[in-house]
Amino acid sequence: MHTENTRHILSCLIDDDYIHQFGMKRMIQRYQPSVGVIEFYNGLEAINFFKTAHDEQSIPELIFLDINMPVMNGWEFLDEFVKIRPALHKKIDIYILSSSTDNHDIEKAKSNPAITDYIVKPLTADSLKNIFVTTEEIH
Amino acid sequence: MEISSTENAITLIQDQNLIGFWDWDISSRKKYLSPVFKTMLGYEDDEISNDPDTWINLIIKEDQPVVINSYQKHVSSKGHLPYEVKARYRHKNGGIVHILSKGKVTDWDYMGNPVRMIGYYTDVTGIIKEYTVLEERHDQFKTVIDMMNAGIWAYDIYKGKQYWSDNFYNAVGYNAGEITPTYFNLLHVLAHPEDNTKLVAAIDAQIKHKTPYALNIRLQNKEGIYNWFETSAKVSYNEENKPTKITGFILNKKHKEEEAQPVTVKQEENISIQTEKKLPQGNFEYDLNRAKFIFSKEVMDILELPEDASLKFDRIDNMFTEESKEEFQKGFNSAVYSKEDYEIILICTTPEGNIKTIKEIGFPVIDTTGKVTALRGTIQELSSRKAMPSEISDVNYGQIADQNKRLLNFAHIASHNLRSHASNLQMILQVLSSSQSEEEKKFCMDSLEKISVSLSKSISNLNDLMAVETELNKTKTPIAFKDVLANVTGTLSQQINDTKAIIDSDFSKGPVVEYVPAYIESIILNLVSNALKYRHPQRIPHIQLRSYFENGHTMFTIKDNGMGIDLTRHKDKLFRMHQTFHNHPDSRGIGLLITKNQVEAMGGTIDVESEPGTGTKFTIKF
């Protein structure tokens, strides 16, 4: 886990792919230097973090969530996350970031109100910028 | 005048010793026997008394009950049933005289009891003798027929009964009674499928148009070998010119069929005009013990089955509609439980996607203990047409749906796998292009190398997966589990030594499975290597492999004492791509998917039981 919580928007990456994590982190740092990044390599690590995070500053506004992960996958993370979400007292946007083009996954994401959008990897610089613009407007 | 002429006639008859009268006064137990009767038996008139006891004792013992019985029937029916009885009497010289006696009760008392009965005797010895001569002639004919080595068959059209002579049985290589003499057995069991239609046509033409025929046909003997026979038959007609009976013979042609061929061809031409279009037809046998069919080449063609198709009951049964399955069950039951022949119409969808209507005629094969061991008979194609998509049978539909599911799954796996690498590539290149720091550039280069390695790994995984689909048509061979395990432990010897794993196996209850060799090895290798990989950190791996036979299927189980899987959470995803449940660096997340594909592609199932921290057990039904 790595945090840079001095910026005013904090984003959270949950993905088991180290290379993807690295690339995402670098892109965020390049295009949105003001955004902080925290990383988790599976759903369980992330949910454990949210369960213990009580400092409003350390809770991210944005989550980029992968679906296929070992130990606890994206869907399982969401199931757990909606239970603890009210306790976090913060508007959190969740973007599914997956390489799955399975309609089943896309439909499931679209019908889940907890999910802001479903993005098929890779996330381009333009869509990354748009996401942050939207997020900043809200917050 | 009239009276006297009648008396004359009677005297004449008496003098000729043709008819002897009797007059029995039942109440006084007196029986008048005319001198003629006594003469018939070689006695003078006064040599024997007239009481009924004397008379009855003249009849030989065996025939006395017949005479008494006929009398009783006549009396109890108040004379409606005639008294008419043929009996053997003892001649004075010890010989036998056949006498026909007819009589009638003429007086009855008020209680309805017989008072007087009169009748006459005729000596029928001559007629009987003539009959004996006939019998002798018959014997002579029979001898001649025996010498010709001809087998006789007869078919009673009204009774539907078939008769085969001993010679007939000999000619077709059976012992008398070993195969039931039925028209069906003649046409569908003994006769060669190519010959029976022309035989039916010939018999039909003989019955309807009295067309004489002489055919050369092939009949199958008990060993299944066809021999050539000349056969001919003639229909007998009753007074109303209705056919009653067909009698025919079969004569072994030995090796003469070549000479006879031209005649046969001509006959066949004649007959084929009367025959409807020939329908494909062949023989089948169903072995009850092995639950397996045996089909002749013709039936394989009708059902469009490849040469190496599995002829197990389930596989074949699955080609048929639900109604047809029931129909077959009925036929099966009547053959097995009532030991009766059956004839059923069935509808099936062939592997080529044609809908065929077939007629199956079958009969039970009964062993010496009276047990039905098999069904045998013929299958004839009545019609065939291309199946409409909506008509594809449930099973075929199921198979196609399964295959589609696997292919779709494969497409997703392929797309997902390649996409994740592609997106990583894209991302790293993007970072690299704008990177200022040498350190970051180096990291990017390392990442690109890693991506290329995992990309080729993914492609090889996908190849493995795709191979399951494309190798489906590979031939199955019987494989011993023992041998497979030996190969697997050889491949995994390093891991087994490192982990000090104990592998114990017992394949005695199902030592062999018929499978694609590469599959079975891959399946067992995968499961054993999983058991080693996901061993419990505090335990020496103990892996138990078992095989056994259950409900006609070979079963295989592998049980370990490893980490286990939380099935309440993971069961539905266990066999999916990239599902790894342990944060384990070696998890490829593809092994179980390939295993599942290799099992399901061959029509089997794989199931799992597991408890986290205790172990996992996989059960495969082949």
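Thresholds, definitions, all that
- Residues numbered from 1 in each chain as written.
- Chains lettered and ligands numbered in written order.
- Predicted model: local features only at pLDDT ≥ 70, side-chain atom pairs only at ≥ 80, totals over all residues.
- Heavy atoms only, no water.
- 1 Å grid on protein atoms, 1.4 Å probe; cavity = no way out; pocket = protein on both sides within 12 Å on 5 of 7 lines; lining within 4 Å.
- Points joined across faces, edges and corners; volume = space filled by probe spheres on them.
- Helix = DSSP H or I, 4+ residues; strand = E, 2+ residues; numbered from the N terminus.
- Nonpolar A, V, L, I, M, F, W, Y, C, P; charged D, E, K, R; others polar.
- Contact = heavy atoms within 4.5 Å.
- Buried area = accessible area lost by both parts, 1.4 Å probe.
- Salt bridge = Lys/Arg side-chain N within 4 Å of Asp/Glu carboxyl O.
- Expected span 1.5 Å × (residues − 1).
- Buried < 20%, exposed > 50% of the residue type's maximum accessible area, 1.4 Å probe, protein only.
- pLDDT = per-residue confidence, 0-100.
- Pairing = 2+ DSSP bridges.
- Axes fitted to C-alpha atoms, helices over the stretch in contact; angles between N-to-C directions.
- Patch = residues over 30% accessible without salt bridge, like charges linked within 9 Å, V, L, I, M, F, W, Y side chains within 5 Å.
- Areas by Shrake-Rupley, 256 points an atom, 1.4 Å probe, with all protein chains shown as cover.
- Core = buried A, V, L, I, M, F, W, Y, C linked by side-chain atoms within 4.5 Å.
- Polar contact = N/O pair within 3.5 Å; in protein donor to acceptor, adjacent residues only side chain to side chain.

### Comments concerning empty space enclosed by the protein
Then, in step 1: Applying the stated rule across the entire model yields 2 cavities of 30 Å³ or more.
Then, in step 2: What the largest cavity holds in volume is close to 100 Å³.
Then, in step 3: Lining the largest cavity are 14 residues, with Phe293, Ile316, Phe320, Phe328 and Glu360 of chain B positioned closest to its centre.
Then, in step 4: Secondary-structure elements contributing two or more residues to the lining of the largest cavity are strand 12 (292-295), helix 11 (313-317), helix 12 (322-336) and strand 14 (354-366) of chain B.
Then, in step 5: Of the residues contributing to the lining of the largest cavity, the split by class is 10 nonpolar, 1 polar and 3 charged.
Then, in step 6: Approximately 30 Å³ is the volume found for the second largest cavity.
Then, in step 7: If you list the elements that add at least two residues to the lining of the second largest cavity, you get strand 1 (9-14) and helix 1 (18-31) of chain A.
Then, in step 8: Within the lining of the second largest cavity, the residues separate by chemical class into 4 nonpolar, 2 polar and 2 charged.

### Points about the interface of chain A and chain B
Then, in step 1: With 27 residues of chain A at the contact, the number on the chain B side is 29 residues.
Then, in step 2: Approximately 2400 Å² of surface area, both sides summed, lies buried where chain A meets chain B, with 53% of it carried by carbon and sulfur atoms.
Then, in step 3: At the surface where chain A touches chain B, the tally comes to 2 salt bridges.
Then, in step 4: Between Glu440 of chain B and Arg26 of chain A there is a salt bridge, with the nearest N and O atoms lying 2.2 Å from each other.

### Thoughts on helix 8 (residues 193-209) of chain B
Residues and elements named next belong to chain B.
Then, in step 1: The terminal C-alpha atoms of helix 8 lie 24 Å apart, and with 17 residues this matches the ideal 24 Å at 1.5 Å per residue to within 8%.
Then, in step 2: Among the residues of helix 8, Pro193, Asp195, Asn196, Lys198, Leu199, Ala201, Ala202, Ile203, Ala205 and Gln206 are the ones counted as buried.
Then, in step 3: Positive phi appears at Lys210, one or two residues downstream of helix 8, with a value of about 55°.

### Notes on the confidence of the model for chain B
Residues and elements named next belong to chain B.
Then, in step 1: Residue-level pLDDT values for chain B average 78, and 84% of them are 70 or greater.
Then, in step 2: Ignoring residues within four places in sequence, the model shows residues 255-276, a span with pLDDT below 50, making 16 contacts including any to other chains.
Then, in step 3: Low pLDDT, under 50, characterises residues 577-588; the stretch is placed with 38 contacts to residues that sit more than four places away or in other chains.
Then, in step 4: Model confidence for the complex is summarised by a pTM of 0.39, with the ipTM given as 0.74.

### Considering the sheet that holds strand 2 (residues 35-40) of chain A
Residues and elements named next belong to chain A.
Then, in step 1: Strand order in this open sheet of 5 strands is 2-1-3-4-5, and the pairing throughout is parallel. Here the strands that pair on one side only, and so sit at the sheet edges, are strand 2 and strand 5 (117-120). For this sheet the average axis-to-axis angle between neighbouring strands, irrespective of direction, equals 20°.
Then, in step 2: Pairing geometry for strand 1 and strand 3 (residues 62-65), over 4 bridges, is parallel. The residue of strand 3 that forms the bridge with Ser11 is Leu62.
Then, in step 3: Across the face of the sheet, helix 2 (residues 43-52) comes into contact with strand 1, strand 2 and strand 3 while running at roughly 120° to strand 2.

### With respect to the sheet that holds strand 13 (residues 342-349) of chain B
All names here are of chain B.
Then, in step 1: Spatially, 12-11-15-14-13 is the arrangement adopted by the 5 strands of the open sheet, whose pairing is antiparallel. Edge positions in the sheet fall to strand 12 and strand 13, since each of these pairs with one other strand and no more. For this sheet, the mean inter-axis angle between neighbouring strands, taken without regard to orientation, is 30°.
Then, in step 2: In the sheet, strand 14 pairs with strand 15 (residues 372-386) via 13 bridges, with the strands oriented antiparallel. Bridge pairing in strand 15 links Thr357 to Ser383.

### Here we look at the pairing of strand 2 of chain A
Then, in step 1: Counted residue by residue, strand 2 of chain A has 6 buried out of 6 residues, so it is predominantly covered.
Then, in step 2: Residues Val35, Val37 and Glu39 of chain A line one face of strand 2 of chain A and the alternating positions Gly36, Ile38 and Phe40 of chain A line the opposite face, and both faces are buried.

### Describing a nonpolar patch on the surface
Then, in step 1: On the surface, Leu279, Ile345 and Leu382 of chain B cluster together into a nonpolar patch covering about 220 Å² of accessible area.
Then, in step 2: On the basis of relative accessibility, which here comes to 44%, the residue Ile345 of chain B falls in the partly exposed class.

### Some details on the nonpolar core
Residue and element names in this part refer to chain B.
Then, in step 1: Formed by 34 residues in total, the largest nonpolar core has its most connected members in Tyr515, Ile520, Ile524, Val528, Leu545 and Phe556.
Then, in step 2: By residue number, the principal contributor to this core is helix 17 (residues 517-533), which donates 8 residues.
Then, in step 3: Core analysis: the next-biggest nonpolar cluster, separate from the first, contains 31 residues, Trp153, Tyr155, Ile217 and Ala233 among them.

### As for the side chain of His74 of chain B
Residue and element names in this part refer to chain B.
Then, in step 1: If you trace the backbone, His74 turns up in helix 4 (residues 64-76).
Then, in step 2: The class of His74 is buried, set by a relative accessible area of 2%.
Then, in step 3: Within the structure, the side chain of His74 is placed 2.6 Å from the backbone oxygen of Leu81, a separation counted as a polar contact.
Then, in step 4: Discounting chain neighbours no more than four positions away, the residues touching His74 are Gly79, His80, Leu81, Pro82, Tyr83, Gly103, Lys104, Val105, Trp108 and Met117.

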